[in-house]
Amino acid sequence: MAFCAPKQLSISLPTIVPRLTTVLSDSHKEVQSAANEALLHFGEVISNPEIQALVPILLRGLSDPDKNTNAALNSLLETAFVHYIDAPSLALVMPILERGLKERSTEVKKKSSQIVGNMSSLTDVKDLVPYLPRLLPSLKEVLVDPVPEARATAAKSLGTMVEKLGEDKFPNLVNELVHTLKSDTSGVDRQGAAQGLSEVLAGLGLSRLEGLLSEIVINATSPKSYVREGFISLLIYLPATFGLRFQPYLGRIIPPILSGLADESEYVRDASLRAGQMIIVNYATKAVDLLLPELERGLFDDNWRIRQSSVQLMGDLLYRITGISGKVTAEGEEEEETGVTEASRKVLLQALGKERRDRVLAALYVVRQDVSGLVRQSSLHVWKSIVSNTPRTVKEILPIMMGLIIKNLASPSFERRQVAARTLGELVRKLGESVMSEIIPILEEGLESPESDKRQGVCIGLSEIMSTAGKVQVIDYVDSIIPAVRKALVDESGEVREAAAQAFDTLQQHVGDKAIDEILPTLLNSLQSGNDSTYALEALKEIMTVRANVVFPVLIPNLITVPITAFNARALASLVTVAGAALNKRLSNILTALMESLSMETDEAVILELQETERALLLSIDSIEGLQNLMIMLFEAVKSDEPAKRSGACDIVAIFCSETKMDFSRYTTEWIRVLVSLLDDHQIEVVKSAWNALNAVTKSVKKDDLEQLVIPLRRSVKGVGVPGVDLPGFCLPKGISPILPIFSHGLMYGTAEIREQSALGIGDLIQRTSADALRPFVTQITGPLIRIIGDRYPPQVKAAILQTLSLLLEKVSALLKPFLPQLQRTFVKSLTDPTSALVRSRAAKALSTLISLQTRVDPLILELVTGIKTSEPNVRETMLSALESIVNKAGDSMSEASRKGVLGVISNGLTDSSEGMVVGAARLLGSLCKHIPSQESMPLITTYILSGEPTQSSLLAINAILVEAPRIFFDLGIHKEIVNIVSMGSKSNQPSIADNAIIAAGKILLTELYHEQNTISHLVEALVNDVREPATLVGETKRLALGVFRVIGRKYPQILEPHLSEIIPQIMVCARDRNIPVKLASERALVHVLQLLDGENVMQNYLSTTDSQTAKTFIDFHKRVLSKLVSQEQQKIEQLQAVVIEIA
C-alpha cells in the first residue's frame, strides 16, 4: 500500500499503527521482522518535514520502546516545529507518548507530559481528539506523581490542552479534580488535583473561576481537615497560574487562609502559610493595601498560631518590598544596630508611607512581647531584619505605639492587655526617664475611661512599668502612681480591682510601708462609710490575695473587736478566704473573738452573719499548720469551765468536720473520746453541741477506717457515765446514731476481736440509753446480732453478743416481740455449745430473760428437759440452770406434763455424781416449790431432805427453798426437823456439808417467820460451835460462821442479845487468830453483833456481865480496833447517802 496507495495509507495510519505496534513484540521472529519492515515503509508516507526527519528515531522507539523511548522523546523536544503535525505523523508520535506517560522514570513522564501539552498547539484539534481517551488517564496518573516537578508538568499540560481544545472535550475533568480535593486520599493526590485544577481554571478563564470560587472558599473552611487542606492547597497555585488577573479575588481568599494558619491540622497550617507566601510573592507591591490590614489584624489575633503566621507573612511582605533577604540572626534582644541599609529603610518608607510604616513597625514591636515564645522569636527576627536602629526607630514611632498599646490595654483579651503591658515595661527599661513622663499621664487619663477593659489594662500597665523601672524612678512618680492605684482598687469592675491589687503588690515592693500607709486607711474608712463599702471590701480581698502577710495583720485588729458587728463579720468572712498562710498565726484570736461574740449576741441576723463567718474561716484552713493550730485551740476550748465556750468549740468542730476537705483523720480518735465524755455534761446545750460534733466526726470517717475506731470508741463509752444510768447525750433524738454505725460495721466486717468489742460496745450503749431513745434502733441492733451469732465465730464473739442481747431484752423487751422466735432458737442453740461454758451460761441468762415475754413455756421446758437427759455433762449443767430460771419466772404457766418432766430432772439431778448437777437440781427444786402448793412439795421434801442424814444435796435443797419459798417449811410444820438437819449438818467434817448447813442456818435466822426462841438457840449454838472449833478443821468454815453472825447482827441484832455471853467470847478468840480472813471477819462480826454503829449501850450491857479482866481486855480491843472499824463504816454510810441524794 505504501507504493500503490500512499495517500490512502497515510489517512489510515492512526488506525493501523496502534495495531501494528502490538505485534512488534511477538514471539515469532518473522512476525517481528515483517512488522518492522511495514513500519519502515509507513515512514515513507509521512508528509510533515520535521517528523519525516525523525522517522528513524521514532521507528526505533516503536520497535524497541524499552531502550529508545527516552531518545525519541528527546528528539521531539529538541525539534523546532514549523509545520502543523498531520494525522499520519501523530500516528507515529502518539504511541511513543503513551508509552512515555506510563514509564516508571519521572524524567520520561515529565518529557511525555510536556510534549502532550505542546501537541495541542502543533496539531489540528480533530486529529488530536481521537487520542484523548488513551492520553488523559495516563496524564492524570502523572498528575498525582510523588515528584512535584512531574505533577507540575502534567498540570501545565492539562491546562494547555483544556485551553486549546475547550472544556467540552473534557466534560468531567473539573468535577473529578474537585472530587479529589474533597476525598480522604493521600495528600499527594490532593496536591496534584489542586495544581491541575489551577492550571485548568487558568486555561478556562476568569468566568469559570468566578463560578467555582464560592465553592472553593466554602470548602477551605470545611469541618473536615483533609477537605480544608485540599482547597487551601488550590489557593497556593491559583495566584501563580492567574497572575495579576487574580488580584481582584484576594480579599475573598485571604480570610480562609488566615483562619487556616491556626488550624488544628498541621497540614492545613502549612498549606495556609504557603498560600499566604504565594500571595506575597505574586502581589507584594501591587496589593499592599489589601494584604497589610489583614496581616495587622492577624498580629493581634487571639490564636497564637495566627499571630505567628501573620508575623512570618508580614516579614515576607516587608522583605519583598525592601529587597532584604531576611537572613538576620535573632540571638539576644539587645542588638541595636543591624546590617539593614538606609536605602532599604527609604524604600520601605516610600512603599508604605510614614503613617502606615509606623503602624506596622509599632505592631511588630508590640508583638515582640507576645505571650507565646514562638511568636516573640519570629517578630524579633523580622524586627531586626527591617529596623537598623531600635532606639531611634522607637522614638520615631512612639506616638503611634502608645496609641496601639492603649488600644490593646483596652482589649477584652487578657493576653493582649498583658502584651501591651509588657511592651510598656520594655519601653521603660530601654528608654527610661525619657518616656516615663509621657506614659504616666496617658495611663492616668485611661483610668477615666468608661470601658472597664481599658481601666484594667491601665492597671496592668502600671504593674509592668513599676516592675521594669528602678526603685528610684518609681519613688519619683509615686505621688502620681498611688492615687491611680487607690482609685483603681475601688473600681466597680472586679477585673479592674484584681489588676489594681497586682499593681499595689508591685508598688509595695518598691516603696514599702508608704503604699500601705497611703492606701489601707482610705480603704478602711470606705469600709465603714457605706457608699463604697462593698468596693472597698472587694479591694481588700484582692490585696489580700497578693499581699496577705503584710495586709492581714493591719486589718484584723479592727475587724475582730468584740462584739463583732454584722458588717465586720461579712468583711472578715470575705478576707479570710484569701488570707492563705497568713491566717494560721491569727486563727486562735479570730475564732476566740467569734465565739465570744456569738455567746454575747442576741440579734438573730448578726448571729447568722457570725456563723457564716465562722464557716468561711474554717473552710479557709488548707494547710497542716493551720489544721494543727485549730485542733490545739479547740481541744483547749472544750475543757473550759465556761459552758458557752465548750458548746462553741463543739459547734466549730461540727462545722469543720462536716464541710472541710482537709484530712483530719489523725485527730478523729481523740475527738471521739472528748466528745463522748461531753455527752454527760451537766449543761444540756453542751450536750447537744457535743452530739452534733460527734455526728459530724463519725460521718467523716470512711467505711474502711471504721473498724480501727471500735476499740477506742468502746473505751470512751465505758469511761462515761454509769452502767444502768441514762446518759443525757444518748437520750437525745437519734441519740446513739453517731456511734452505732461504727459498732455495727465492726460487728459485721471486723476481725474476731473487733466483733467481740463491737458487740460489747453495743451493750454499753444499751446500758446508758433510755428505752424511748433505743426504740428507733432496735431493729438496727438486733438483726446483725442474730445474724452474726448464727455463723461460725469464736466463743468470745458469741458470748459478747449473748450478753448484749440479754441487756437489750431487759431494756426494751416489748419492742423485741417480733424477734422472739429467732431469739429463742438462738439461745437454745447456744445452750448446747460444747466449746464454751461462758457462751452456755450467758445463753441461759438470756433465755431466762426471754421467757418472761413468752405466753407458752411448755415447748421450751420440754425441749430443755429432753436436752438435759441426752446432752454432755457440761452442757447438762447449763441447760439445768436455764430450766431453773424458766421455772422460777414462769412456773405458774407450766402444764402437768412439764411439771412431771421437771420433777424427773430434779430427781435425777439430786442423785447425780456431778456437783454442778446437784446444785442445779437443788435450785430447780426451790424454784418449783415456789409455784406449787405446799402439800404437793411434801413428797419431794420428804424424799430428798427429811430422809436420812444431812447431805450436800439435801442442804442445797433447803437453801434453795429458803430463798424461793421460805414459808413452805413453816406451813408444812416441819421447820423443827429442818432446823435439826441444819444443826446436824453444821457438825459435819465435810466442808461441802458444813458450809451449806451454816448458810442454811443464816437464812433461817434471817427469816422472821422462824424467830422462835428454841430455833434461835439451837442454831446459835451450832454456829458458836463452828466458830469455836468446826468439825471440818478448815478456817473457811469458821469465817463463814462469823459472816453469818455479822449479817444477822446487821439485820436482826435483837435475837442475838440473849446469847452474847456465848457468842462474844468465841468471836474474841477468833479476833486473835493467825488466819487473817478469819481475824478480819471476827472484827466486823463484833461491830454488828454489839450494834456499835448505833452506840455502845449493847457493849456496856454485855461488859457488865463479865469479870473486870475480860472487860478491860475487851475495852482495850475496842479502842485499838473496833472504834476504827466503826468510824470507817460510818464514813461509808455517809458517802453512800450523799450519792443517793445527788442522784435523786
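Residues numbered from 1 in each chain as written. Predicted model: local features only at pLDDT ≥ 70, side-chain atom pairs only at ≥ 80, totals over all residues. Heavy atoms only, no water.

Looking at an unreviewed UniProt entry, one finds the chain named 7843_t:CDS:1 and attributed to Dentiscutata heterogama.

Take the overall build of the chain next. Per the secondary structure count, the chain includes 59 helices and zero strands. Among the 1144 residues that make up the chain, the fraction classed as buried is 53%. For the chain, contacts bridging at least 24 residues in sequence account for 71% of all contacts bridging at least 6. Roughly 50600 Å² of accessible area belongs to the chain as shown, and the carbon and sulfur atoms make up 51% of that amount. (Helix = DSSP H or I, 4+ residues; strand = E, 2+ residues; numbered from the N terminus. Buried < 20%, exposed > 50% of the residue type's maximum accessible area, 1.4 Å probe, protein only. Contact = heavy atoms within 4.5 Å. Areas by Shrake-Rupley, 256 points an atom, 1.4 Å probe, with all protein chains shown as cover.)

Counting 207 residues, the largest nonpolar core has Trp671 and Phe969 as its most contacted members. At nine residues, the largest contribution of residues to this core is made by helix H42 (residues 795–811). Filtering out sequence-adjacent residues up to four positions away, phenylalanine 969 remains in contact with Ile941, Ile945, Ile958, Ile961, Leu962, Ile974, His975, Ile978 and Tyr1010. Listed in part, the 154 residues of the second largest apolar core include Leu135, Leu158, Ala363 and Val458. (Core = buried A, V, L, I, M, F, W, Y, C linked by side-chain atoms within 4.5 Å.)

Moving on, we come to the packing of helix H41 (residues 778–789) against H42. Running from N to C, H41 and H42 point in directions that differ by 150 degrees, and their axes come no closer than 10 Å. The angle between the axes of H41 and H42 places the two elements in the roughly antiparallel class. Note that H41 runs across H42; the crossing there is left-handed. Where H41 approaches H42, its residues Ile781, Thr782, Leu785, Ile788 and Ile789 are matched on the opposing element by Val797, Lys798, Ile801, Leu802, Thr804, Leu805 and Leu808. Among the residues forming the contact of H41 with H42, the class breakdown is nine nonpolar, two polar and one charged. (Axes fitted to C-alpha atoms, helices over the stretch in contact; angles between N-to-C directions. Parallel < 35°, antiparallel > 145°, perpendicular 65-115°, else oblique. Left-handed = near helix turned anticlockwise from the far one by under 90°. Nonpolar A, V, L, I, M, F, W, Y, C, P; charged D, E, K, R; others polar.)

Within the element layout of this structure, arginine 228 appears in helix H13 (residues 225–242). The exposure class assigned to arginine 228 is buried, which follows from its relative accessible area of 9%. A distance of 2.7 Å separates a polar side-chain atom of arginine 228 from the backbone oxygen of serine 222. Every residue in contact with arginine 228, bar those within four places of it in the chain, is listed here: Asn219, Ala220, Thr221, Ser222, Pro223, Asp263, Glu264 and Val268. (Polar contact = N/O pair within 3.5 Å; in protein donor to acceptor, adjacent residues only side chain to side chain.)

Mapped onto the secondary structure, serine 907 falls in helix H47 (residues 896–910). C-alpha separation for the pair serine 907 and leucine 925, spaced 18 residues apart in sequence, amounts to 9.2 Å.

Further remarks concern the environment of serine 954. Mapping serine 954 onto the fold places it in helix H50 (residues 952–964). Residues serine 954 and isoleucine 941, 13 residues apart in the sequence, show an inter-C-alpha distance of 8.7 Å. Discounting residues that sit within four places of it in the chain, serine 954 has contacts with Tyr944 and Ile945.

A separate point is the packing of aromatic side chains. Enumeration over the complete set of coordinates arrives at six aromatic pairs. Aromatic side chains phenylalanine 656 and phenylalanine 664 sit 5.9 Å apart centroid to centroid with 55 degrees between the ring planes, which places their arrangement in the tilted category. No difference in accessibility class separates phenylalanine 656 from phenylalanine 664, as the two residues are buried. With a centroid separation of 6.2 Å and 70 degrees between ring planes, the pair formed by tyrosine 1102 and phenylalanine 1114 is classed as edge-to-face. Here phenylalanine 1114 lies in helix H59 (residues 1108–1143) and tyrosine 1102 lies in helix H58 (residues 1097–1103), a separation of 12 residues in the sequence. Residues tyrosine 1102 and phenylalanine 1114 agree in their burial class; the two are buried. (Phe/Tyr/Trp six-rings, centres within 6.5 Å; stacked < 30°, edge-to-face > 60°.)

Here we take up the side chain of arginine 646. Secondary-structure assignment places arginine 646 in helix H34 (residues 643–659). The exposure class assigned to arginine 646 is buried, which follows from its relative accessible area of 6%. Polar side-chain contacts of arginine 646 include one of 3.1 Å to the side chain of aspartate 681.

Positive phi outside glycine occurs at lysine 734, with the angle close to 60 degrees. On the basis of relative accessible area, lysine 734 is assigned to the exposed category, the value being 60%. Here the phi dihedral of glutamine 1091 falls at roughly 55 degrees; this positive angle occurs in a residue that is not glycine. Here glutamine 1091 shows up in the loop between helix H57 (1076–1089) and H58.

Time to look at helix H33 (residues 624–637). Here H33 contains 14 residues, and its C-alpha end-to-end distance of 20 Å stays within 8% of the 20 Å for a straight helix at 1.5 Å per residue. Those residues of H33 not exposed but buried are Gly626, Leu627, Leu630, Met631, Met633, Leu634, Phe635 and Ala637. (Expected span 1.5 Å × (residues − 1).)

Along the chain, isoleucine 560 turns up in the loop between helix H29 (533–559) and helix H30 (566–576). Isoleucine 560 gets classed as buried once you look at its relative accessible area, which sits at 16%. Put simply, isoleucine 560 and leucine 572 are 12 residues apart on the chain and 8.1 Å apart in space, counted from C-alpha to C-alpha. Among residues more than four places away in sequence, those in contact with isoleucine 560 are Leu572, Asn589, Ile590 and Ala593.

What follows is about the pattern of salt bridges. Counted by the stated rule, this structure contains 26 salt bridges. For lysine 140, the salt bridge goes to glutamate 176, with nearest N and O atoms at 2.3 Å. Taken as a pair, lysine 140 in helix H8 (residues 132–143) and glutamate 176 in helix H10 (residues 173–182) lie far apart in primary sequence, 36 residues in all. Across the pair arginine 673 and glutamate 670 runs a salt bridge whose closest N-O atoms are separated by 2.3 Å. Here arginine 673 pairs with glutamate 670, and both are found in helix H35 (residues 668–678), just three residues apart, close to one helical turn. Among the residues examined, arginine 673 registers a relative accessible area of 39% and is labelled partly exposed. With a relative accessible area of 33%, glutamate 670 lands in the partly exposed category. When salt bridges that share partners are traced, they join Lys354, Arg357, Asp358 and Glu396 into one network. (Salt bridge = Lys/Arg side-chain N within 4 Å of Asp/Glu carboxyl O.)

Of the residues in the chain, 88% reach a pLDDT of 70 or more, and the chain-wide mean stands at 81. Taken element by element, the chain is modelled with least confidence in helix H1 (residues 6–22), mean pLDDT 49, and with most confidence in helix H36 (residues 684–699), mean pLDDT 92. The low-confidence segment residues 1–13, where pLDDT is below 50, has 19 contacts with residues more than four positions distant or belonging to other chains. Within the model, pLDDT remains below 50 along residues 329–339, and this stretch shows 27 contacts once partners closer than five positions in the same chain are excluded. (pLDDT = per-residue confidence, 0-100.)

Our next topic: the packing of helix H5 (residues 87–101) against H8. For the pair H5 and H8, the least separation of the axes is 9 Å and the interaxial angle reads 30 degrees. Classified by the interaxial angle, the pair formed by H5 and H8 is roughly parallel. For the pair H5 and H8, the crossing hand works out as left-handed. Across the interface between the two elements, Met94, Glu98 and Leu101 from H5 touch Arg134, Leu135, Ser138, Leu139 and Val142 from H8. Looking at the contact of H5 with H8 residue by residue, the classes come out as five nonpolar, one polar and two charged.

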